Amino acid sequence: MIVTYVFIGIIMAFLGGLPLGASNLAVINRSSSKSVQEGMKIAYGAGFGEIALAFIALCYSRVLTVFFQMNPWIQLSFVFLFLAIGIYLVLPSRFKFKISLPKRSGLKQSQFSLGFFLALLNPPVLIFWTLVIVLIQKFAIPLSDMSPTHVLLLFFSGVFLGKVTVLYLYARWSRRFQQKNKKENSILFRYVGLALVIISVAQGIRFFVS
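These notes cover the structure that comes with them. In this text, all values refer to a predicted model and were calculated from it rather than measured experimentally. (Residues numbered from 1 in each chain as written. Predicted model: local features only at pLDDT ≥ 70, side-chain atom pairs only at ≥ 80, totals over all residues. Heavy atoms only, no water.)

1. Quick notes on the overall build of the protein chain
Each helix and strand in the protein chain was counted, giving nine helices and zero strands. In the protein chain, the succession of helices and strands from N to C terminus is α-α-α-α-α-α-α-α-α. Expressed as a percentage of its 210 residues, the buried residues of the protein chain come to 39%. Sequence-distant contacts, at least 24 apart, represent 84% of the contacts inside the protein chain between residues at least 6 apart. Of the roughly 12800 Å² of accessible surface on the protein chain, a fraction of 68% belongs to carbon and sulfur atoms. (Helix = DSSP H or I, 4+ residues; strand = E, 2+ residues; numbered from the N terminus. Buried < 20%, exposed > 50% of the residue type's maximum accessible area, 1.4 Å probe, protein only. Contact = heavy atoms within 4.5 Å. Areas by Shrake-Rupley, 256 points an atom, 1.4 Å probe, with all protein chains shown as cover.)

Below, the structure written as structure tokens:
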């Protein structure tokens, strides 16, 4: 039973981390431009961000389920957002703009913090964990915010490992792709953009059909 909590946490976080999101893109970008080790700094932060989302879903699963059902525009807005990002990445030559962030003197940008906030500020993943928690409680294992501390630690350890593992695979893939295609690095982002467009269209169709 102890291993079950870790295993379920790993599997659910791994599946939830497969679709391209902000943290995935950040890891891909950092790994391809710098190194896998640099990309993993973002991945570790994203792992803790994933824990935070799973914890919120665990504590407020019923309330969040009703909230998302009453406000379907939240999911739809993110479908359009990811679709726009995907189109931009697929057609970079047609959309040229640069966003410059103000530089803070004496402070270096923390890749760990970047990963944490990119993972945390992701409502679609919160929806995912809300549904996962409900399914786990009904069909798998007894799990709630009132579960023993060691049970919660095991489950959230699995969540962390699952998220970091899938981001590590993205980091390795992007680095290998970059090394084989040094003259055509933009192809990597076009593939990423195409995947985002496909996922967004599929999610949009499912949204309107349901």
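More follows now that the structure is in view.
2. With respect to the packing of helix α3 (residues 36-59) against helix α7 (residues 123-139)
Remark: α3 packs on α7, axes separated minimally by 8 Å, with the N-to-C direction vectors making an angle of 55°. As judged from the angle between their axes, α3 and α7 are oblique. For the element pair α3 and α7, the recorded crossing hand is right-handed. Residues Glu50, Leu53, Ala54, Ile56, Ala57 and Leu58 of α3 lie in contact with α7, whose contacting residues are Val125, Leu126, Trp129, Thr130, Ile133 and Gln137. Residues belonging to the contact of α3 with α7 are distributed by class as follows: nine nonpolar, two polar and one charged. (Axes fitted to C-alpha atoms, helices over the stretch in contact; angles between N-to-C directions. Parallel < 35°, antiparallel > 145°, perpendicular 65-115°, else oblique. Left-handed = near helix turned anticlockwise from the far one by under 90°. Nonpolar A, V, L, I, M, F, W, Y, C, P; charged D, E, K, R; others polar.)

3. So, α7
Structural remark: α-helix, 3.6 residues per turn; residues separated by three or four positions point the same way. Here α7 is 17 residues long and its end C-alpha atoms lie 24 Å apart, about the 24 Å a rise of 1.5 Å per residue gives. Those residues of α7 that sit buried are Val125, Leu126, Ile127, Trp129, Thr130, Val132, Ile133 and Ile136. (Expected span 1.5 Å × (residues − 1).)

4. Quick look at the pattern of salt bridges
Counted under the stated rule, the structure contains three salt bridges. Between Arg30 and Glu38 there is a salt bridge whose closest N-O contact spans 3.1 Å. Residues Glu50 and Lys163 are paired through a salt bridge, measuring 3.6 Å at the closest nitrogen-oxygen approach. Of this pair, Glu50 sits in helix α3 while Lys163 is found in helix α8 (residues 149-180), placing the two residues 113 residues apart along the sequence. The class of Glu50 is buried, set by a relative accessible area of 1%. Each of Arg30, Glu38 and Lys41 takes part in salt bridges that share partners, so that together they form one network. (Salt bridge = Lys/Arg side-chain N within 4 Å of Asp/Glu carboxyl O.)

5. Some thoughts on the side chain of Ser32
Within the secondary structure, Ser32 sits in helix α2 (residues 22-33). Note on Ser32: relative accessible area 8%, which makes it buried. At 2.9 Å, the side chain of Ser32 and the backbone oxygen of Ile28 are in polar contact. Looking at Ser32, its side chain comes within polar contact range of the main-chain oxygen of Asn29, at 3.1 Å. (Polar contact = N/O pair within 3.5 Å; in protein donor to acceptor, adjacent residues only side chain to side chain.)

6. Here we look at the environment of Leu18
Tracing the sequence through the fold places Leu18 in the loop between α1 (2-17) and α2. Placed 152 residues apart in sequence, Leu18 and Tyr170 show a C-alpha to C-alpha distance of 9.0 Å. Apart from the residues within four sequence positions on either side, Leu18 is in contact with Asn24, Val166 and Tyr170.

7. Here's the deal with the packing of aromatic side chains
What describes a pair of aromatic rings is the distance from one ring centre to the other and the angle between the planes of the rings. Within this structure, the stated rule accounts for seven aromatic pairs. Here the aromatic rings of Phe128 and Trp129 are separated by 5.5 Å at their centres, their planes lie at 75°, and the arrangement is edge-to-face. Relative accessible area serves as the criterion here: at 26%, Phe128 is assigned to the partly exposed category. An aromatic cluster is defined as three or more aromatic residues linked by ring pairs; in this entry it consists of Phe55, Phe128, Trp129, Phe155 and Phe156. (Phe/Tyr/Trp six-rings, centres within 6.5 Å; stacked < 30°, edge-to-face > 60°.)

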